[in-house]
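Structural features, examined
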Amino acid sequence: MMKKLLRNTAFSVLMLVCLTGLSACGGSREHTALNADGNPESIRFMVSTIIRPENGQQQLCDKYEENTGIKLIIEQPEHNQYYEKVGITFAAEDPADVIELGSTYYPAYAAEGILWDMTDAWDGSELKAKGIVDEKYIDSLKYDSEYGTDRLYGFPNQRGNGTITYVRKDWMDALGIDTPKSYEDFFDMLTAFKGIGECEAEDANGITFKEKYKNLTIYPLTAAGLINTESPYDIYLREFYQDGRPEIYYDEDQGQYVDGVLEPEMNAALHRIQEAWEAGLIDPQPISNKTSTCRDKFYSGVVGCFNYWAGTWYKTLDKNLKMADETAVLLPLESFDKEKAYYIERPATADAITNYCEYPEKVFENFILYIHDGGEGQLLFTRGVEGVHYEVTERDENGNVLKAKMLPLSFRPLCRA
């Protein structure tokens, strides 16, 4: 399913790349020298989701160089400007050797022929033979184009993950609301949330919600846009979109591409969004909201419902929410449609080697394979630097890490495939 989603995405967003008029030759890139081991002296890596400088990025790069003899140069634009910056580097014919690309941009750039085809390198690698990496994540990034069938132009750096809806359970309890079992229940819950500022019920500290939210603006639900910039495009408003798909996709039953916006399911989805919007249940600033904006609003304690990433984000959201309100209780809401399960795992984010890279085979071996090696490299790029991001609490007789304690500078794993 993820592989089909990539193909559909490439069809609908190919113009994003075509409009830039890119080519895979020429440019004014400086020549990359080889070191005494025959490897590149440096590798440039353009990435959005990696440890930031203030949390020990340089220590990570230093450790990588110590282990491999190769200098790692990380280029990390601001998150909300990332793909704009990626496009600029290609237009200037000076992209990084390796670039992180999400589900919308990866197939589009692959279709343009400016990403290195790593299919044969992967198929012939020892890492593939060892079976360390789950092949389903590799397969999800294989792409059919004029250059071949089932070709691999990027390597998964982590699981795709998906979003779920987080709800203020303490609000539900104060208002006497049960867990929603249908869209109608969900709509009624949001409607009730509008009145939390008038609720006379007390929180765990004996303070009434009316007193707590005096003179504050309540948002029953906030979202980072009415439509997402990457596939799945409906990811932050799943309860409203349901079967509606705001994209061009291939319908196997019809045997043709379909504009999902014109389908009846999308019409129903738009009516649900319109109804909630007119009822004042949705944050009135979804167009300008970034994900960080939504998180800040949620952390401030004035948002009752928020759709965001699953997994370890639950702990992060819960921790930061309780810093503002220790009585807050966070509930991950189950899909109210068990058959359709409105949780969608997006395709994995890819680390792609560009065709501007002088030594793609060497970069593939010393970077892509290294960070998924099931040992030293993967430990470095999932847990960071020992003594900086974690400390070992237990090793086996061979010195392998069995248990570790994460330190304050610990960071979100880069590779989890």
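Note that this is a predicted model, so its numbers are computed, not measured. Along every chain, residues carry numbers that run from 1 in the direction the sequence is written. Per-residue local features are limited, in this predicted model, to residues with pLDDT of at least 70; the limit for side-chain atom pairs, both in listing and counting, is 80 or more; totals at the level of whole chains, interfaces and linings are taken over all residues. Processing note: side-chain calculations cover all non-hydrogen atoms of the structure and skip hydrogens and water entirely.

Topic: the overall build of the protein
Along its length, the protein carries 16 helices and 14 strands. With 417 residues in all, the protein has 50% of them scored as buried. Two residues qualify as a contact provided that any one of their heavy atoms is within 4.5 Å of a heavy atom in the partner residue. Residue pairs at least 24 apart in sequence account for 69% of intrachain contacts in the protein once pairs closer than 6 positions are excluded. Surface accessibility in these figures is a Shrake-Rupley result with a 1.4 Å probe; residues are shielded only by whichever protein chains are displayed. Of the roughly 19600 Å² of accessible surface on the protein, 48% is carried by carbon and sulfur atoms. Put simply, DSSP H or I for four residues or longer makes a helix, DSSP E for two residues or longer makes a strand, and each gets a number counted from the N terminus. The buried label applies to any residue whose accessible area, calculated with a 1.4 Å probe on protein chains only, is under 20% of its type's maximum; exposed applies above 50%, and partly exposed to all values in between.

Here we look at the packing of helix α13 (residues 291-299) against helix α14 (residues 313-324)
Lines fitted to C-alpha atoms define the axes, with helix axes restricted to the stretch in contact, and inter-axis angles between N-to-C directions lie between 0 and 180 degrees. Here α13 crosses α14 at 50°, and the two axes come no closer than 8 Å. One finds that α13 runs oblique with respect to α14. Where α13 approaches α14, its residues R295, F298 and Y299 are matched on the opposing element by W313, T316, L317, N320, L321 and A324. Of the residues assigned to the contact of α13 with α14, the class counts are six nonpolar, two polar and one charged. For classification, angles of less than 35 degrees are called roughly parallel, those exceeding 145 degrees roughly antiparallel, those between 65 and 115 degrees roughly perpendicular, and all remaining angles oblique. Residue type decides the class: Asp, Glu, Lys and Arg count as charged, Ala, Val, Leu, Ile, Met, Phe, Trp, Tyr, Cys and Pro as nonpolar, and the leftover types, Gly among them, as polar.

Description of the side chain of T119
Mapped onto the fold, T119 is located in helix α5 (residues 119-123). When its relative accessible area of 5% is taken as the criterion, T119 is described as buried. Side chain to side chain, T119 and R151 meet in a polar contact 3.5 Å long. Setting aside its immediate chain neighbours within four residues, T119 contacts D150, R151 and L152. A 3.5 Å cut-off defines polar contacts: any pair of N or O atoms within that distance qualifies, except that in protein one atom must be a possible hydrogen donor and the other a possible acceptor, and neighbouring residues in sequence count only when both atoms are side-chain atoms.

A few points about the nonpolar core
We define the nonpolar core as a collection of buried residues of types Ala, Val, Leu, Ile, Met, Phe, Trp, Tyr and Cys that are connected through side-chain atoms lying within 4.5 Å of one another. One finds L101 and F367 to be the most contacted residues of the largest nonpolar core, which totals 53 residues. Looking at this core element by element, the count peaks at five residues for helix α4 (residues 105-112). Apart from the residues within four sequence positions on either side, F367 is in contact with I43, F45, Y64, L72, V98 and F381.

Considerations on unusual backbone geometry
Most of the time, phi is negative for any residue but glycine, and the peptide bond is trans. Phi angles above zero are rare outside glycine, and E93 is one such case at about 55°. Along the chain, the position of E93 falls in the loop between α3 (82-91) and β3 (98-101). Of the residues examined, E93 reaches a relative accessible area of 21% and is grouped as partly exposed. The backbone phi angle of D150 is positive, close to 55°, even though this residue is not glycine.

Here's the deal with the sheet that holds strand β11 (residues 330-333)
Strands pair, by our definition, only if DSSP identifies at least two bridges between them. Taking strand neighbours across the sheet as the criterion, the three strands line up as β10-β7-β11 in an open arrangement whose pairing is antiparallel. In this open sheet, the two strands that pair with only one neighbour each are β10 (305-309) and β11. Across the sheet, the mean angle from the axis of one strand to that of its neighbour is 35°, orientation sign disregarded. Here strand β7 (residues 163-168) pairs with β10 via five bridges, running antiparallel. What sits directly across from V167, in β10, is C305. Sitting on the sheet, helix α9 (residues 183-193) is in contact with β7, β10 and β11, with an inclination near 45° to β7.

Re the pattern of salt bridges
Any Lys or Arg side-chain nitrogen found within 4 Å of a carboxyl oxygen on Asp or Glu counts as a salt bridge. One pass over the structure, following the stated rule, counts 23 salt bridges. Linking D283 and K297 is a salt bridge whose minimum nitrogen-to-oxygen distance equals 2.6 Å. A residue pair is termed long-range when its members are at least 10 positions apart, and D283 in the loop between α12 (264-278) and α13 and K297 in helix α13 qualify at 14 residues. An identical accessibility class is assigned to D283 and K297; each is buried. For D318, the salt bridge goes to K322, with nearest N and O atoms at 2.7 Å. A residue pair is termed a helical-turn pair when its members lie 3 or 4 positions apart in one helix, as D318 and K322 do in helix α14 at four residues. A relative accessible area of 17% means that D318 is categorised as buried. Of the residues examined, K322 reaches a relative accessible area of 33% and is grouped as partly exposed.

A word on the sheet that holds strand β2 (residues 71-75)
The sheet built from five strands is open, its strands ordered β2-β1-β3-β12-β6 with mixed pairing. Looking at strand neighbours, the two that pair on one side only are β2 and β6 (155-156), the edges of this open sheet. Helix α2 (residues 57-68) contacts β1 (42-46) and β2 of the sheet and is inclined by roughly 150° relative to β2.

Quick word on the packing of aromatic side chains
Aromatic ring pairs are described here by two measures, namely the spacing of the ring centres and the angle between the planes. Between the rings of Phe, Tyr and Trp (Trp by its six-membered ring), a pair exists once the centres lie within 6.5 Å; its type follows the angle of the planes, with under 30 degrees stacked, over 60 edge-to-face, and the other angles tilted. Across all of its chains, the model carries 25 aromatic pairs by this definition. When the centroid spacing of 6.4 Å and the interplanar angle of 75° are considered together, the rings of F155 and F364 count as edge-to-face. Taken together, the residues F155 in strand β6 and F364 in helix α15 (residues 360-368) connect sequence positions 209 residues apart. A relative accessible area of 3% means that F364 is categorised as buried. Here the aromatic cluster, defined as three or more aromatic residues joined through ring pairs, consists of Y236, F298, F306, Y308, W309 and W313. In this arrangement the basic side chain of R272 is found over the ring face of Y183, its NZ or CZ atom lying 5.8 Å from the centre. Both a distance and an angle decide whether a charge sits over a ring: NZ of Lys or CZ of Arg must be within 6 Å of the ring centre and within 35 degrees of the ring normal. A cation over a ring is seen here: K297 above Y219, with NZ or CZ 4.9 Å from the ring centre.

Structural notes on the packing of α2 against helix α16 (residues 376-383)
One can describe the packing of α2 onto α16 by two numbers: an axis separation of 11 Å at closest approach and a directional angle of 175°. Here α2 lies roughly antiparallel to α16, going by the angle between them. Residues L60, K63, Y64 and N67 of α2 lie in contact with α16, whose contacting residues are E376, L380 and F381. By residue class, the composition of the contact of α2 with α16 is four nonpolar, one polar and two charged.

A short note on α2
Multiplying 1.5 Å by the helix residue count minus one yields the expected span of that helix. Compared with an ideal rise of 1.5 Å per residue, which puts 12 residues at 16 Å, α2 spans 17 Å between its outermost C-alpha atoms and is within 8% of the ideal. What α2 keeps buried is the set Q57, L60, C61, Y64 and T68. For α2, the buried positions fall inside an angular range of 95° around the axis, keeping them on one side. Phi turns positive one or two residues past the end of α2, at G69, with a value near 80°. Along the arc lie the directions from the helix axis toward the C-beta atoms.

Geometry only, nothing functional implied.
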